[in-house]
Amino acid sequence: MPELADATIAAVDDYWASFFGCAPTIFATSATTVVPHVGLGDYRGLWLFRRRATLIVSVPPGRLEHDRALFGTAPTTLFDDLPAIRACIEAPIERVLGPAFVGYADAMTFRPVSRPEARLLTTSDWAAFEFLRQSCPALDWEHGGTKLGAQPVAGCFAGALLASVAGYERWGERIAHIAVVTHPGYRGHGYGRAVVSALSRVALEQGLIPQYRTLMSNSPSLAVGAALGFLPYAESIAVRLAV
């Protein structure tokens with residue numbers, strides 16, 4: 001089975017180490033490390049990130065000492081125990097998002113699919129794009145929607161109707177974080193896979209590393225990533241505090 005190139009892994013390690021304010025050697029450890037938010041800015045919550053045997057818990061600076069005392073000696077398997085995580089936090093929780101899959105593809109792993117109805121969108125597709133946006137539940141668009149005109153956006157059509165779109169946001173120098181959303185009436189027919197494939201090809205041609213994130217509970221979305229050659233790199237859990 002193809003594996004991500006060493007250079008790909010090194011670039012991704014560098015990105016996440018910088019995101020957490022750590023050295024890349026953090027990912028060679030088998031321990032839980034609690035750090036104050038760096039890449040997360042003023043996020044009002046905790047973010048758990050597990051890469052193999054390394055667990056990083058990013059917390060608001062005001063909670064650092066408190067959370068180091070609670071999480072610092074915890075085994076990395078704590079990631080698998082949401083009730084225990086909730087109990088450790090000792091604060092009202094607004095929402096938990098995750099566990100989520102974090103995966104990457106490169107030239108060695110990418111398995112594109114070809115579909116003639118999939119192409120890059122232009123401003124002339126604005127009406128079809130807006131119709132898709134208005135047809136999707138607001139939360140779906142919040143998680144998977146994109147903006148037309150900034151970065152490349154791929155779309156796949158079912159006749160004249162735009163069935164799915166995918167766009168990416170640049171994270172750091174090399175990461176292309178892909179977001180995808182499909183019309184509720186056209187899911188399960190390969191449109192999402194087609195647009196993620198088209199956009200990943202563009203990202204790779206630009207020297208970027210496509211990133212695919214989705215909830216571990218979302219089996220259809222996980223299947224899309226696996227079919228296109230996105231390999232698991234890490235898992236994350238976001239815990240947003242209520243106060």
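First, a word on what this report is: a plain description of the structure on this page. Since the structure is predicted, the reported quantities are computational estimates derived from the model, not experimental observations.

## Digging into the nonpolar core
Grouped together as the largest cluster of nonpolar side chains are 24 residues, with contacts concentrated most on Trp-16, Phe-20, Phe-27, Phe-49, Tyr-104 and Tyr-233. Mapped onto this core, the elements with two or more residues apiece are helix H1 (6-20), strand E2 (45-51), strand E4 (93-104) and strand E10 (231-241). Residue contributions to this core peak at seven residues, all from H1. Once residues within four sequence positions are removed from consideration, Tyr-233 is found in contact with Val-12, Asp-13, Trp-16, Phe-27, Phe-49, Arg-51, Val-102, Gly-103 and Tyr-104. Core analysis: the next-biggest nonpolar cluster, separate from the first, contains 23 residues, Ala-105, Ala-163, Tyr-168 and Leu-199 among them.

## Some words on unusual backbone geometry
A cis amide bond links Gly-98 with the next residue in sequence, Pro-99, at an omega value of 5 degrees. Tracing the backbone through its elements, the reader meets Pro-99 in strand E4. A positive phi angle is found at Arg-52, which is not glycine, with a value near 55 degrees. Summarising the element assignment, Arg-52 is placed in the loop between E2 and strand E3 (54-59). Of the residues examined, Arg-52 reaches a relative accessible area of 66% and is grouped as exposed.

## Brief notes about the packing of aromatic side chains
Under the counting rule described, the total for this entry stands at 21 aromatic pairs. Centre to centre, the rings of Phe-20 and Phe-49 are 5.3 Å apart; their planes meet at 55 degrees, and the pair counts as tilted. Of the two residues, Phe-20 sits in helix H1 while Phe-49 sits in strand E2, which places them 29 residues apart along the sequence. Look at Phe-20 and you get buried, because its relative accessible area is 1%.

## Let's talk about the side chain of Thr-182
Tracing the sequence through the fold places Thr-182 in strand E8 (residues 175-182). Among the polar contacts made by the side chain of Thr-182, one reaches the side chain of Ser-164 at a distance of 2.9 Å. Residues within four places of Thr-182 in sequence aside, it is in contact with Leu-132, Cys-136, Ala-163, Ser-164, Arg-187 and Gly-192.

## Here's the deal with the environment of Glu-94
Inspection of the secondary structure assignment puts Glu-94 in strand E4. In sequence terms Glu-94 and Gln-134 are 40 residues apart; their C-alpha atoms lie 27 Å from each other. Apart from residues lying up to four places away in sequence, Glu-94 is in contact with Arg-44, Arg-240, Leu-241 and Ala-242. Side chain to side chain, Glu-94 and Arg-44 meet in a polar contact 3.1 Å long.

## Some thoughts on the sheet that holds E2
Judged by pairing direction, the sheet is mixed, and its ten strands sit side by side in the order E1-E3-E2-E10-E4-E9-E8-E7-E6-E5 without closing on themselves. At either margin of the open sheet sits one strand with a lone partner, and together these are strand E1 (32-36) and strand E5 (118-120). Mean inter-strand twist for the sheet, computed between neighbouring axes without regard to direction, equals 25 degrees. One ladder, built from six bridges, connects strand E6 (residues 153-158) with strand E7 (residues 161-171); its direction is antiparallel. By the bridge assignment, Cys-156 is partnered in E7 with Ser-164.

About the cut-offs
- Residues numbered from 1 in each chain as written.
- Predicted model: local features only at pLDDT ≥ 70, side-chain atom pairs only at ≥ 80, totals over all residues.
- Heavy atoms only, no water.
- Core = buried A, V, L, I, M, F, W, Y, C linked by side-chain atoms within 4.5 Å.
- Buried < 20%, exposed > 50% of the residue type's maximum accessible area, 1.4 Å probe, protein only.
- Helix = DSSP H or I, 4+ residues; strand = E, 2+ residues; numbered from the N terminus.
- Contact = heavy atoms within 4.5 Å.
- Phe/Tyr/Trp six-rings, centres within 6.5 Å; stacked < 30°, edge-to-face > 60°.
- Polar contact = N/O pair within 3.5 Å; in protein donor to acceptor, adjacent residues only side chain to side chain.
- Pairing = 2+ DSSP bridges.
- Axes fitted to C-alpha atoms, helices over the stretch in contact; angles between N-to-C directions.

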